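Working through the structure, step by step
Letter by letter, the chains look like this.
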Amino acid sequence: MATLTRASYCIEGSKEDLKKVFKAIDSFMTEKIKLHNDKADKSWEGNVLAALGATEEQLSENKFHGFIDTYELDENVLRIGATKKAVCYVGDFRHILGKLMPKLNIYYIVEKWEDHLYETNDRDGKYFPMRYLVHACMKGTSSHEYFRTEDEMKIFVSKLMGRKDVTIDEIGEWIEEHRNKDNFVEVIEIEYVI
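Below: a short report on this structure. (Residues numbered from 1 in each chain as written. Predicted model: local features only at pLDDT ≥ 70, side-chain atom pairs only at ≥ 80, totals over all residues. Heavy atoms only, no water.)

Counting secondary structure elements, the chain contains six helices and nine strands. Looking at the 194 residues of the chain, the share that counts as buried comes to 43%. The long-range share in the chain, meaning contacts at least 24 apart out of those at least 6 apart in sequence, stands at 57%. Element-wise, carbon and sulfur atoms account for 48% of the exposed surface of the chain, whose accessible area totals about 11200 Å². (Helix = DSSP H or I, 4+ residues; strand = E, 2+ residues; numbered from the N terminus. Buried < 20%, exposed > 50% of the residue type's maximum accessible area, 1.4 Å probe, protein only. Contact = heavy atoms within 4.5 Å. Areas by Shrake-Rupley, 256 points an atom, 1.4 Å probe, with all protein chains shown as cover.)

See the structure below:
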């Protein structure tokens, strides 16, 4: 069974370019235009790229496993949320969109929960400022919290562990000691990618 991956995009560009992408998405989602592939779901990323001018070669040689479920355009940014049902992480949607419309700036974050893989190209944290994820279960209570800084993350984890403060090494030691027990803490650092 394929694992689920969530991709969120924040796209900057001219109003005309952003409207063009938004209209391509909206036309499929509201079923105003015919699907590129009759077997594809209306929310398939490949449909949007085809409407924007992707060639058959681009569509067949790349991996589009994402299905758009949210999209919103404000004055300066197009926000897209997509669920991906595949082994790949982001797929080629952002790369082909960038080739079709090279003036766009495409920021994204990918969350692949099952594999604890979290990646972003938003190095400055303009749209996706969170840098750490803590998934924990303590005394039967689960939590799933994001943090902008290592210090914020360590304060939260130290409280979970019942300590005043902790180092990264102490967190690692505690995690090892409590592996496969009822209480656990997982700290995941969100990786930067290009």
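If you trace the three strands from one edge of the open sheet to the other, you get β7-β6-β8, paired in antiparallel fashion. The sheet terminates laterally at β7 (141-147) and β8 (184-189), the two strands that pair on one side only. Along the sheet, successive strands turn relative to each other by an average axial angle of 10 degrees, direction set aside. Sheet topology note: the strand β6 (residues 132-138)/β7 ladder contains seven bridges and is antiparallel. Its bridge partner lying in β7, His 135 is registered against His 144. Its contacts with the sheet place helix α5 (residues 150-160) against β6, β7 and β8, and it is angled at close to 5 degrees to β6. (Pairing = 2+ DSSP bridges. Axes fitted to C-alpha atoms, helices over the stretch in contact; angles between N-to-C directions.)

Looking now at a negative patch on the surface. A contiguous patch of negative charge on the surface is contributed by Asp 165, Asp 169, Glu 170, Glu 173 and Glu 177. When you line up the elements, Glu 177 lands in helix α6 (residues 168-177). Note on Glu 177: relative accessible area 52%, which makes it exposed. (Patch = residues over 30% accessible without salt bridge, like charges linked within 9 Å, V, L, I, M, F, W, Y side chains within 5 Å. Salt bridge = Lys/Arg side-chain N within 4 Å of Asp/Glu carboxyl O. Lys, Arg positive; Asp, Glu negative; His and termini not counted. Charge placed at Lys NZ, Arg CZ, Asp CG, Glu CD.)

In this section: the nonpolar core. Within the largest apolar cluster, 25 residues are counted, with the highest numbers of intra-cluster contacts made by Tyr 9, Ile 11, Val 21, Ile 25, Leu 97 and Leu 104. Ignoring anything within four residues of it in the chain, the contact list for Leu 104 reads Ile 11, Glu 12, Gly 13, Asp 17, Leu 18, Val 21 and Leu 97. Counting residues in each nonpolar core, the second largest holds 13 residues, with Tyr 132, Met 153, Val 157 and Ile 171 among its members. (Core = buried A, V, L, I, M, F, W, Y, C linked by side-chain atoms within 4.5 Å.)

Under the defined criterion, the tally for this structure stands at four aromatic pairs. Lying across the ring of Tyr 192, Arg 123 places its NZ or CZ 4.4 Å from the centre. (Phe/Tyr/Trp six-rings, centres within 6.5 Å; stacked < 30°, edge-to-face > 60°. Lys NZ or Arg CZ within 6 Å of the ring centre and 35° of its normal.)

Along α5, the residues that are buried comprise Met 153, Lys 154, Val 157 and Ser 158. The buried residues of α5 occupy an angular sector of 130 degrees when the element is viewed end-on, so they sit on one face. Opposite the buried face of α5, at more than 90 degrees from it, the exposed residues are Asp 151 and Lys 159. Structurally, α5 contributes buried residues whose contacts are with β6, β7, α6 and β8. Gly 162 sits one or two residues past α5 and shows a positive phi near 75 degrees. (Arc of directions from axis to C-beta.)

It is worth spelling out the pairing of strand β5 (residues 117-120) at this point. Alternating positions in β5 separate into two faces, Leu 117 and Glu 119 on one and Tyr 118 and Thr 120 on the other, with burial throughout. Examined bridge by bridge, strand β4 (residues 105-112) and β5 share four bridges and lie antiparallel to one another. Directly across from Lys 112, in β5, lies its bridge partner Leu 117. With antiparallel pairing between neighbouring strands as the criterion, β4 and β5 make up a hairpin whose turn holds four residues, including His 116 at a positive phi of roughly 55 degrees. Here β5 pairs with strand β9 (residues 191-192) via two bridges, running parallel. Note that in β9 the partner of Thr 120 across the bridge is Tyr 192.

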